[in-house]
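Spelled out from the first residue to the last, the chains are:
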Amino acid sequence: MQRYQNHGTSVASSPSPAALVEEIHAEEEECEEEQEVFQETEGRPAPVEQKNGKRSDAGDAGGGPKSSVFTWFVVLALLGVWSSVAVVYFDIVDYDSVIARAQEFRMNFSEVLQGKLAAYDTDADGDFDVEDAKVLLGLKGATVLKEGGPPEERTEKTSEPEVETSTQRGPEPVKEGAPAAEETSVPGSQDVESEIQAAVPLPPFVDSQFVPDDPAGDEHPYEETNAIDTTGGETPPPPAAVLVEGPQSEETGEPEEPPEAAAEPTLTPEPAVQPEPAAEPQTGTIGPTEDRQEADGAAEKPAEEQKEKAKKKKPKLLNKLDKTIKSEIDAAERLRKKGKLEEALKAFDSLVRLHPQSPRVRYGKAQAEDDLAEKLRSNDLLQRAINTYGEAAELPDPTPDLLRAALKRRAERQQFLGRMRGSLATLQKLVDIFPDDFSLKNDLGVAHLLLGDNKGAKKVYEEVLAVAPSNGFAKVHYGFILKAENKIAESIPYLREGLESGEPGTDDGRFYFHLGDALQRVGDDSAYHWYELGHRRGHFASVWQRSLYNVEGLKAQPWWTPQETGYTDLVKMLERNWKTIRDEALTVMDRARGRFLPEEENLREKGEWGQYTLWQQGKRVGNACQGVPKTCSLMERFPEATGCKRGQIKFSVMQPGTHVWPHTGPTNCRLRMHLGLVVPRPGCRIRCTNQTREWEEGKVLIFDDSFEHEVWQEADSYRLIFIVDVWHPELTQYQRQTLSPI
């Protein structure tokens, strides 16, 4: 230290060489002394004197800091380890709350960011995401969500407006409600096989709190007022003419082109029954020939052509006035599409007050009322919607597409409420405005059928076929009318060619049913080809089991034993008391033969067949039990029979020489018991599928009449049996209570 100070301060005068040599020698001596001291202290450096006069080991200056850093490192590492152990073991930190706060911060930040980017939400799903970015970059077209179903069933569609092929927005609640008086009155034989299988469109189920009106004067023999609900898990048949409204553009509110699935008729899901293995029917083979398979392939082509045609025309709903307020209409329409129906209705109400002459605004209000009526199950609100649709059509300068859409929807909703005559008038107005639109004429024909006016419907379809002889929809309905008139042979080509056309509205189980039935009656074995095709299309559970009103998953077999049904007590009661039941029936036959009404379902090829009904659709029929009080008293103890809303309890008398065509019952929800009362031998037999059996007096036969069955009475005298329908044993109590009557 002194050396560097002296050297630094003696800049002017340099030391002499002799002095320098002496200093060097002195330093060498000092170094030797230090080495000796180090050796004496076992390698430790000698203490060094500090500025404050204190002495310290030289090693502290050199090695001290190094050992100190290492020591602190070890100490900190140990502290960290023990701290981590303590935190985990004693649960000092609540990690769940920390993570939750982090997620909350992320979500809040995301919401703020989404609020900034809401203007770029191109698919109207409420947020800005990768799909929206693709649209902004031109990599993808704008999309909207298809509404009308649960989230998992929603699909995406392009937002370009497409053609509106019809006006119903998907499954509609079913019309219920024939008056109670009609349920208990029996104008004739009520086996209902042919009436229930009629080609009349049936809407799906509606909540019991939302019951359409049933105005007097609209009832008719072909209108199925006691329509089928799905509360009990039932699979209803597809309607003959389904009116489906296409989804509408999010921005313009104009109907979009329906998806391909909607362009062709909706198929009934195949009931989850266990059909019998297909056996050779007595009348012929089931398998289709190669020619028939080629015909099936040819039938699919027109359906594809129809879908292509439906995509070409894009409806226009905005007139000049509507285009000036397009943004306001779009805003209200977005609310409706997002399910904010109350807000949408208020928005359209406000627009109606501001623009009372706008057809598009009035039409939007009608749609909002329509949707809200369905949501609230309100008939009053639905009637308001019907009126508003009419107002939209009456305003000046509506576009043809809007006029057509408004009146079609009005007619359909009138049908739903039971306003059949009003619906007919609306459709007639449509036909007058658009006389060249065959689809509207076809709808008009269906309206006549719903009123039971077969003559009016026949006239309409004759007009359509005169101009468009290849119109498949008109053909199947015209064929159905001919068959109802018992013109069996004439009906066959219309039914066959209509089904082969593959046009929308033709792929209906009823038409396969009636075509096969007509072919069977003329002895044509190709009937089973059409039954097989109907089965493959999902209309029938099997070739043999062709009922149209089914609950899926029920055990399916043609013949049953009492033990299999679980109704052994009922069977034992019937067989123990068969003579009492027989004697009362014979008394009625002798004193009041008029109570045995002739079968009116057109099921007989020849002969006489009369029936005396005690219970129908789970209710007593008038005063029928007064003639057979003991029989009714016995039956009262068995609600599985008296409460069967899809069956009857009745006597059946059949005269010699009678043959009943092969046929099926309307539903798989019941089993049928036959108690033999008077059975002449031989000659009385019944076939169910490919098994034929004979009745015995005092014995019960049980079969499922949803399978094909046929009856022969070739004895010398009359045959008398007691028929008791019971619920299918696998139906739950809830299903038995909620399934609608047949």
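Quantities reported herein were computed from a predicted structural model and do not represent experimental measurements.

1. Comments concerning the pairing of strand β14 (residues 670–678)
Regular strands place side chains that alternate from one sheet face to the opposite one.
Then, number 1: With nine of its nine residues buried, β14 lies for the most part within the structure.
Then, number 2: Of the pairings in the sheet, the one linking β14 to strand β19 (residues 719–727) comprises eight bridges and is antiparallel in character. When the sheet's bridge partners are listed, R670 is paired in β19 with W727.
Then, number 3: In this structure, β14 lies alongside strand β17 (residues 700–703), joined through four bridges in antiparallel fashion. In the sheet register, H674 faces β17, and the bridge partner there is L701.

2. A word on the pattern of salt bridges
Then, number 1: What the rule picks out here adds up to 35 salt bridges.
Then, number 2: Put simply, E342 and K375 hold a salt bridge, and the shortest N to O gap is 3.8 Å. A residue pair is termed long-range when its members are at least 10 positions apart, and E342 in helix α13 (residues 341–354) and K375 in helix α14 (residues 359–376) qualify at 33 residues.
Then, number 3: Taking the relative accessible area as the measure of exposure, E342 reaches 37% and is therefore partly exposed.
Then, number 4: Two residues, K458 and E485, come together in a salt bridge whose shortest N-O distance is 3.2 Å. Here K458 is found in helix α19 (residues 454–467), whereas its partner E485 is found in the loop between α20 (472–484) and α21 (488–501), with 27 residues between them in sequence.
Then, number 5: Residue K458 is classed as buried on the basis of its relative accessible area of 15%.

3. Observations concerning the sheet that holds strand β9 (residues 604–606)
Then, number 1: The five strands lie next to each other as β9-β13-β18-β15-β16, forming an open sheet whose pairing is antiparallel. The open sheet terminates on both sides in strands that have one partner only, identified here as β9 and β16 (691–693). Strand after strand, the sheet turns through a mean of 20° between neighbouring axes, direction not considered.

4. A look at a nonpolar patch on the surface
Then, number 1: Residues F70, F73, V74, L78 and W82 make up a contiguous nonpolar surface patch of about 600 Å² in total accessible area.
Then, number 2: Following the sequence through the fold, F73 ends up in helix α4 (residues 64–89).
Then, number 3: Judged by its relative accessible area of 58%, F73 falls in the exposed class.

5. Re the packing of aromatic side chains
Then, number 1: Under the counting rule described, the total for this entry stands at ten aromatic pairs.
Then, number 2: Aromatic pair Y363 and Y389: ring centres 6.0 Å apart, planes at 55°, arrangement tilted. Of the two residues, Y363 is situated in helix α14 and Y389 in helix α15 (residues 379–394); the sequence distance between them amounts to 26 residues.
Then, number 3: Here the aromatic rings of Y528 and W544 are separated by 6.0 Å at their centres, their planes lie at 65°, and the arrangement is edge-to-face. You can see Y528 sitting in helix α23 (residues 527–536) and its partner W544 sitting in the loop between α23 and β6 (550–551), a full 16 residues away along the chain.
Then, number 4: Accessibility expressed as a relative area gives 1% for W544, which makes it buried.

6. Concerning the confidence of the model for the protein chain
Then, number 1: Per-residue confidence for the protein chain averages 75 on the pLDDT scale, and 60% of its residues sit at or above 70.
Then, number 2: This stretch, residues 37–46, has a pLDDT under 50; its non-local contacts, to residues over four places away or in other chains, come to eight contacts.
Then, number 3: Ignoring residues within four places in sequence, the model shows residues 142–232, a span with pLDDT below 50, making 294 contacts including any to other chains.

7. Here's the deal with the nonpolar core
Buried together is how nonpolar side chains tend to be arranged in soluble globular proteins.
Then, number 1: Counting residues in hydrophobic clusters, the biggest one holds 68 residues, and the most contacted among them are Y461, L499, L515, W530, I686 and W695.
Then, number 2: With seven residues, the single largest contributor to this core is α20.
Then, number 3: When neighbours within four sequence positions are excluded, L515 is seen to be in contact with I492, L495, R496, L499 and W530.
Then, number 4: By size, the runner-up hydrophobic cluster in this structure holds 44 residues, among which are V653, L675, V678 and L739.

8. Looking at helix α18 (residues 438–450)
Then, number 1: Taking 1.5 Å per residue as the helical rise, α18 with its 13 residues ought to reach 18 Å, and the 19 Å between its terminal C-alpha atoms agrees with that figure.
Then, number 2: α18 sits mainly inside the fold: eleven of its 13 residues count as buried.
Then, number 3: For α18, the full list of buried residues reads L440, K441, N442, D443, L444, G445, V446, A447, H448, L449 and L450.
Then, number 4: Packed against the buried residues of α18 are α16 (400–416), α17 (420–433), α19 and α20.

9. A short note on the state of the cysteines
Then, number 1: Scanning all chains against the criterion turns up one disulfide.
Then, number 2: What pairs with C625 in a disulfide is C632, and their sulfur atoms sit 2.1 Å apart. Torsion about the S-S bond of the C625 and C632 cystine: about -85°, corresponding to left-handed handedness.
Then, number 3: For C625, a relative accessible area of 9% puts it in the buried group.
Then, number 4: The exposure class assigned to C632 is buried, which follows from its relative accessible area of 2%.
Then, number 5: Here C644 is not disulfide-linked; the sulfur of C669 is the nearest cysteine sulfur, at 8.4 Å.

10. Brief notes about the environment of A385
Then, number 1: Topologically, A385 is positioned in helix α15.
Then, number 2: Along the primary structure A385 and L372 are separated by 13 residues, whereas in three dimensions their C-alpha atoms are 9.4 Å apart.
Then, number 3: What A385 contacts, discounting residues up to four positions off in sequence, is A366, E369 and D370.

11. Points about unusual backbone geometry
Then, number 1: Here the amide bond leading from R681 into P682 is cis, since omega sits at -10°, within 30 degrees of zero.
Then, number 2: You will see that D397, though not glycine, has its phi angle at about 60°, which is positive.
Then, number 3: Within the fold, D397 resides in the loop between α15 and α16.
Then, number 4: Positive phi, normally seen in glycine, also occurs at T689, with a value near 55°.
Then, number 5: Its place among the elements puts T689 in the loop between β15 (684–688) and β16.
Then, number 6: The class of T689 is buried, set by a relative accessible area of 2%.

Each value, and the rule that gives it
Throughout this document, residue positions are counted from 1 along each chain, in the order its sequence is written. Given that the model is predicted, a residue must reach a pLDDT of at least 70 before its local features are reported, and side-chain atom pairs must reach 80 or more before they are shown or counted; all residues, however, enter totals for whole chains, interfaces and linings. The basis for every side-chain value is the complete set of non-hydrogen atoms in the structure, without hydrogens or water. Only protein chains enter the calculation, and the probe is 1.4 Å; a residue is then buried if its accessible area is under 20% of its type maximum, exposed if over 50%, and partly exposed in between. A run of H or I in DSSP becomes a helix once it reaches four residues, and a run of E becomes a strand once it reaches two; helices and strands are each numbered from the N terminus. By this definition, two strands are paired if DSSP reports at least two bridges between them. Each salt bridge in this description consists of a side-chain nitrogen of Lys or Arg and a carboxyl oxygen of Asp or Glu lying within 4 Å of one another. Comment: axis = line fitted to C-alpha atoms, over the contacting stretch for helices; angle = value between 0 and 180 degrees taken between N-to-C directions. Residues enter patches when their relative accessible area tops 30% and they take part in no salt bridge; the joining distance is 9 Å for like charges and 5 Å for the nonpolar side chains Val, Leu, Ile, Met, Phe, Trp and Tyr. To measure how exposed things are, a 1.4 Å probe is used in the Shrake-Rupley method; for residues, cover is taken only from the protein chains shown. Within 6.5 Å between ring centres, the rings of Phe, Tyr and Trp (the latter by its six-membered ring) count as paired, and their orientation is classed by plane angle as stacked under 30 degrees, edge-to-face over 60, tilted in between. pLDDT is defined as a per-residue confidence score from the predictor, taking values between 0 and 100. A contact between two residues is defined here by any heavy atoms of the two lying within 4.5 Å. Side-chain atoms within 4.5 Å link the members of a nonpolar core, which is a set of buried Ala, Val, Leu, Ile, Met, Phe, Trp, Tyr and Cys residues. Each helix should span, by expectation, one fewer than its residue count multiplied by 1.5 Å. In plain terms, two cysteine sulfur atoms within 2.5 Å form what is called a disulfide here.

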